[in-house]
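A structural walkthrough
Each chain, written out:
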Protein chains: 2
Amino acid sequence: MSEYNDYLYPQKWLSKASTGDRVAYELRMRIISGLIESGTILSENKLAADFEVSRSPIREALRILASENIIRLEKMGAVVIGLSEKEIEEIYDVRLLIETFVFERLIKMDTTSLALELSKTLEMMKVAIKYNDADEFSYQDVMFHETIIRSIGHSYITMIWNNLKPVMEGLILLSMRMRFKEKYEDFTRIVKNHELYIDAIRAKDRELMIKSLHENFDDVQGKVEDLWRSQQMLSKGVEPQND
Amino acid sequence: MSEYNDYLYPQKWLSKASTGDRVAYELRMRIISGLIESGTILSENKLAADFEVSRSPIREALRILASENIIRLEKMGAVVIGLSEKEIEEIYDVRLLIETFVFERLIKMDTTSLALELSKTLEMMKVAIKYNDADEFSYQDVMFHETIIRSIGHSYITMIWNNLKPVMEGLILLSMRMRFKEKYEDFTRIVKNHELYIDAIRAKDRELMIKSLHENFDDVQGKVEDLWRSQQMLSKGVEPQND
DNA sequence: TGGAGTATACTTGTATACAAGTATTATAGT
DNA sequence: ACTATAATACTTGTATACAAGTATACTCCA
């Protein structure tokens, strides 16, 4: 990883990860942030040289990113797809789709222990806000939704989540880092929204759930765009990257 | 691929596939069919020896199967999850979920060219029935649904489909092979159902679509079980496989 | 100047080699 | 008989080597 001396992905989250995963995480962040522009053609050899590892983990990383739809493997080279506004909307379509499905299942279950778990996570989010820790906040935010999704024990819904999660996480990370700097007041609203969500789960109130879900999405979806643009600005003066 | 002299996956569909893909397809079929029982621990070295290839494509295949949730990669060895009744139901949950989503989008589009394309595919299915070609029928059946799903141009819905497709395809292949032998009369109903589906798309009739979708699922879901069990019977006398 | 064909510098896919870690088995001591 | 420890036979992860194919650039010829 010679050319960049700072990483976009939190290094402490990678303690047990293999080199391949590490590369995937970092590459993903660079693509989502726009540091590596969409349309760029990535070559295994160049990446291996850049990251100073062999081609094996690079190949692994590229397969992962291809399965997440942010690159496309072609006969020669991997083409970066990236995340335009369209893709971001689509991601939230899917998230809405699966969380709605999950909620329908939740209604038929005992949700008390889940609600408790979510309250704990929300507490952690508050602490992260208090200490201005954007990464930790993002982590807990993602965990919040993951906890809900996993709670119904549906392996194929979980599979979809697993495919979506890395990109979601990256998006949220970038978004939150920006907001901690510039839109600190947003967080009171975010916390409130999550409280609503917990209430909806506890009360099994479909209306309330849909409401908080949509607000959450409208919120994030709107902001993600300008964050993304700002990241792209930021990236312009750093690296030509494509030859 | 020393120990088995017949493949479960149609070889002519693999003309351009890499060794890694080939192994994934074949391994997937063996797992879905029950030939390799769930709980079995697969080792890269053993698989490489069995398939008479190196570990590189085997590793690739295992990653693919892991992302499809039919095996689980652990510290030592890959554990076969397989498809129990629960998993099969879950797969259809997801299929229902995404096809319903797709239909909602379709309603807002011009569906004439799609309906035409589907008619063509259905014609091909009829030909396949006429010539008793279970594999070709399965191929067209899968293509039928893929055509619908891709038609809305939603890359993340397509992504979910891509993850689901291989297992679906395998399931349908095994199911159809059996029915061509034992339940030939089923096919008039299947064809009728697909015609209904096309009508629903052409008329943008939500009710009709849900109806045909559900009938299709109830149909397949019921039958898949006994096929699967019969396959498992079949597998008992063939290979110990584990060690 | 233009075009056909060839050399070259890339690309990915697969095989192999090696390192580091883990489970199992065997052995020694009590 | 049983525990602790050591040897061994596995496992995966990563690096490297090689083969085969593809795009690019170059040269030669008209």
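Model, not experiment: these values are computed from the prediction.

Take the relation of the copies chain A and chain B next. When chain A is fitted to chain B, the residual RMSD is 0.0 Å, and the transformation amounts to a turn of 180 degrees plus an axial shift of 0.0 Å. Both copies of the chain, as the preceding transformation shows, are related through a two-fold rotation axis. No C-alpha of chain A approaches the rotation axis more nearly than that of Ile160 of chain A, which lies at 3.3 Å. Interface overlap between copies: 100% of the residues of chain A at the interface are likewise at the interface in chain B, consistent with a symmetric, same-surface contact.

Okay, the UniProt feature "domain: HTH gntR-type" (unreviewed entry) in chain A next. The UniProt entry lists residues 17-83 of chain A under the feature "domain: HTH gntR-type" (unreviewed entry), expressed in the numbering used here. Split by type, residues 17-83 of chain A is 54% helix and 12% strand. Its first and last C-alpha atoms lie 25 Å apart.

Let us look at the side chain of Thr121 of chain B. Relative to the helices and strands, Thr121 of chain B is located in helix 5 (residues 112-130). Once you skip the residues sitting within four places of it in the chain, Thr121 of chain B turns out to touch Gln140 and Phe144 of chain B.

Below, the discussion takes up the interface of chain A and chain B. At the junction of the two partners, chain A supplies 27 residues and chain B supplies 27 residues. Of all residues in chain A, Leu97, Tyr156 and Met159 of chain A bury the most surface against chain B, accounting for 30% of the area lost on that side. Inspection of the chain A/chain B interface yields 4 salt bridges. The shortest N-O distance in the salt bridge between Glu60 of chain B and Arg63 of chain A comes to 3.2 Å. If you look at where chain A meets chain B, you find 12 residue pairs in polar contact (both at pLDDT 80 or more).

Another aspect to go through is the protein's contact with DNA strand D. Around DNA strand D, the structure places 18 residues, and the nearest of them are Thr19, Ser54 and Ser56 of chain A together with Arg59 and Arg63 of chain B. In this structure, Ser56 of chain A approaches DNA strand D through a side-chain N or O atom, which is 2.7 Å from a base nitrogen. Here a phosphate oxygen of DNA strand D sits 2.8 Å away from a polar atom, N or O, in the side chain of Arg59 of chain B. For the surface near DNA strand D, the elements supplying multiple residues, two or more each, are helix 1 (19-33) and helix 3 (55-67) of chain A together with helix 2 (44-51) and helix 3 (55-67) of chain B. Tallied by class, residues from the surface near DNA strand D come to 4 nonpolar, 8 polar and 6 charged.

Looking now at the domain arrangement of chain A. All names here are of chain A. As assigned here, chain A comprises domain 1 (11-80) and domain 2 (85-235). Centre-to-centre, using C-alpha coordinates, domain 1 lies 25 Å away from domain 2. For the pair domain 1 and domain 2, the summed buried surface comes to about 1,200 Å²; carbon and sulfur atoms form 69% of the total. The largest contributions to the domain 1 side of the interface with domain 2 come from Trp13, Met29 and Ile32, which together make up 48% of the buried area. On inspection of domain 1 and its partner domain 2, the count reaches 1 residue pair in polar contact (both at pLDDT 80 or more). For the side of domain 1 that touches domain 2, the element with the most residues is helix 1, which contributes 5 residues. The residue inventory of the side of domain 1 that touches domain 2, partitioned by class, reads 6 nonpolar, 3 polar and 2 charged.

We now examine the packing of aromatic side chains. All names here are of chain A. Applying the stated criterion across every chain, the model contains 18 aromatic pairs over all chains. A ring pair is formed by Trp13 and Tyr139, whose centres lie 5.3 Å apart and whose planes are at 55 degrees; its orientation type is tilted. Of the two residues, Trp13 is situated in the segment before helix 1 and Tyr139 in helix 6 (residues 134-150); the sequence distance between them amounts to 126 residues. With a relative accessible area of 21%, Trp13 lands in the partly exposed category. Put simply, the rings of Tyr9, Trp13, Tyr25 and Tyr139 pair up and form one aromatic cluster. Across the ring face of Tyr25, the terminal group of Arg28 is positioned such that the distance to the ring centre comes to 4.9 Å.

Around DNA strand C, the surrounding shell holds 18 residues, and the nearest of these are Arg55 and Arg63 of chain A together with Thr19, Ser54 and Ser56 of chain B. The sugar-phosphate backbone supplies 65% of the atoms of DNA strand C found within 4 Å of the protein. Take Ser43 of chain A: an N or O atom from its side chain is 3.0 Å from a phosphate oxygen of DNA strand C. One nitrogen or oxygen atom from the side chain of Arg59 of chain A is found 2.9 Å from a phosphate oxygen belonging to DNA strand C. Within the residue set of the surface near DNA strand C, elements represented by two or more residues are helix 2 (44-51) and helix 3 of chain A together with helix 1 (19-33) and helix 3 of chain B. Classifying every residue of the surface near DNA strand C by side-chain character gives 4 nonpolar, 8 polar and 6 charged.

This brings us to helix 7 (residues 155-182) of chain B. Residues and elements named next belong to chain B. The terminal C-alpha atoms of helix 7 lie 39 Å apart, and with 28 residues this matches the ideal 40 Å at 1.5 Å per residue to within 8%. Where helix 7 bends most, at Leu164, the angle is about 40 degrees, and the proline Pro166 comes one to four residues later. The element helix 7 is extensively covered by neighbouring structure, given that 23 of its 28 residues are classed as buried.

Residues and elements named next belong to chain B. In spatial order, the strands read 1-3-2; together these 3 strands make up an open sheet with antiparallel pairing. Of all the strands in the sheet, the pair left with one neighbour each is strand 1 (41-42) and strand 2 (71-73). Of the strand pairs in this sheet, strand 1 and strand 3 (residues 78-80) are connected by 2 bridges, and their pairing is antiparallel. Paired with Leu42 across the strands is Ala78, a residue of strand 3.

Looking at the element boundaries, Val167 of chain B is found in helix 7. For the pair Val167 of chain B and Leu62 of chain B, spaced 105 residues apart in the sequence, the C-alpha separation amounts to 14 Å. Apart from residues lying up to four places away in sequence, Val167 of chain B is in contact with Tyr156 of chain A together with Arg28, Ile32, Glu68, Ile70, Leu83 and Ile91 of chain B.

Conventions used here
Residues numbered from 1 in each chain as written. Chains lettered and ligands numbered in written order. Predicted model: local features only at pLDDT ≥ 70, side-chain atom pairs only at ≥ 80, totals over all residues. Heavy atoms only, no water. Least-squares fit on C-alpha atoms with pLDDT ≥ 70 in both. Contact = heavy atoms within 4.5 Å. UniProt positions renumbered as here; feature names shortened; annotations may be inferred. Helix = DSSP H or I, 4+ residues; strand = E, 2+ residues; numbered from the N terminus. Buried area = accessible area lost by both parts, 1.4 Å probe. Salt bridge = Lys/Arg side-chain N within 4 Å of Asp/Glu carboxyl O. Polar contact = N/O pair within 3.5 Å; in protein donor to acceptor, adjacent residues only side chain to side chain. Near = heavy atom within 4 Å. Nonpolar A, V, L, I, M, F, W, Y, C, P; charged D, E, K, R; others polar. Domains from an automatic or database assignment. Phe/Tyr/Trp six-rings, centres within 6.5 Å; stacked < 30°, edge-to-face > 60°. Buried < 20%, exposed > 50% of the residue type's maximum accessible area, 1.4 Å probe, protein only. Lys NZ or Arg CZ within 6 Å of the ring centre and 35° of its normal. Expected span 1.5 Å × (residues − 1). Bend = angle between axes of the 7 residues up to and from the residue. Pairing = 2+ DSSP bridges.

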